[in-house]
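Spelled out, the chains give:
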Amino acid sequence: MDYSSRQLFSFFVVPTMLCSLATPAAALDPATVQTYLEQFKKNVGARVETLAIMGGEDGASGGVYSYDNDRLNMSMTKGGGRGIIGDPKNFSESGINWLPLLGGSIGYAEADNKFTHIPALIGNQEKYTSFAMGFEAGARVFFTKEISIGPMLGVIYSHAHNSFQAGTPLGVELKQKYDKQLVDWNMDTLSLVPSMDIVYEKTFVEDWRVTLSSRFNWFHTWDIATSSKYLGLSGDSSYWENKADLDVRLPLKVFGHPLHTGGFVSAGVIGGDFRESIKTDAMYTFNGRLVIGDITGLWKLNWIGLGASYIKADTFSGFSWGIDARLVF
């Protein structure tokens, strides 16, 4: 994705605070220092939580991403999925069926900040990396062939690291005074993620399939380890995604398998610390794909191809692309 917003993903230490704390102690009173440190804790904690959610929760999106704005460069590689396993099981003789539902995601983000907008810090460089991994389990309950719900419970682990490369006397002073604290810090977090979705899926004239879904995720995130005495995290976020997906089987074949096209549009409502971090209430995704489908005899692979998405929100826009694959267990 190419995110042009200056507000989005400001993952790094507040630059004015770094400059100020590097000045002689007499220039800052204790109350001012405490204000800076609280701001640092809040801002960095919110960004760590945001990346944990985006990297470890499949609902945020999947594939390969690149981010870029005029303050920093960022890239994120991510993959994941969610689906049912096995054969339907019946609740007594009620006619309601259920199957185990499993999901997971893994993501790695890397960003560079050269402080081009902060004259006092030009010549220094900051790198931020985040690794997140999530797993969730639940059940898909079918009330009819078309309508189902999917309650799930998940957990996300995230490790974030900040690396500051000093290139000026001020940068050297920052590393000497605040190593492992305000610069070169590490943080590990856990997120508990209960969620619920409702899905309506209908096939028309055999070749057209429409899927309507609404999924709500709630995230409670806390730090389990940190190198900095100034950093701690305990936050709550939410993401409510509403999606309409269309799949069309084309009268064309590749290697004996039919081509499918289609895509989805979705509107995601963002809440809590996630909203505060990216400074927007909602984001919209427009996706298109072209895949080889109805594959049989190749392990569990059912279809594979390429997908691309355009993402739009009040404070940013972007583009992503990646491999679109479906497995059947």
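Quick look at the structure, then. From a predicted model like this one, the values you see are computed outputs, not experimental measurements.

Within the structure shown, the criterion is met by two aromatic pairs. Measuring from ring centre to ring centre gives 5.9 Å for Tyr-128 and Trp-185, while their planes differ by 65°; the resulting arrangement is edge-to-face. Here Tyr-128 is found in strand E5 (residues 125–142), whereas its partner Trp-185 is found in the loop between helix H3 (169–178) and strand E8 (186–204), with 57 residues between them in sequence. Comparing Tyr-128 with Trp-185 shows no difference in burial state: the two are buried. Between the NZ or CZ atom of Lys-89 and the centre of the ring of Trp-98, over which it lies, the distance is 5.6 Å. For Lys-243, the ring lying beneath its charged end belongs to Phe-264, and the centroid distance is 4.4 Å.

Okay, the side chain of Arg-140 next. Structurally, the position occupied by Arg-140 is in strand E5. Judged by its relative accessible area of 10%, Arg-140 falls in the buried class. Dropping the residues within four chain positions of it, Arg-140 is found in contact with Ile-84, Asn-97, Trp-98, Leu-99, Leu-101, Ser-148, Ile-149, Gly-150, Asp-197 and Val-199.

Next up on the list: H3. The set of residues buried in H3 consists of Leu-170, Gly-171, Leu-174 and Tyr-178. All buried residues of H3 fall inside an arc of 100° around its axis, so they share one side. Along H3, the residues that are exposed and aim more than 90 degrees away from the buried face are Pro-169 and Gln-176. Of the residues trailing H3, Lys-180 is marked for its positive phi of about 70°.

Scoring rules and cut-offs
- Residues numbered from 1 in each chain as written.
- Predicted model: local features only at pLDDT ≥ 70, side-chain atom pairs only at ≥ 80, totals over all residues.
- Heavy atoms only, no water.
- Phe/Tyr/Trp six-rings, centres within 6.5 Å; stacked < 30°, edge-to-face > 60°.
- Helix = DSSP H or I, 4+ residues; strand = E, 2+ residues; numbered from the N terminus.
- Buried < 20%, exposed > 50% of the residue type's maximum accessible area, 1.4 Å probe, protein only.
- Lys NZ or Arg CZ within 6 Å of the ring centre and 35° of its normal.
- Contact = heavy atoms within 4.5 Å.
- Arc of directions from axis to C-beta.

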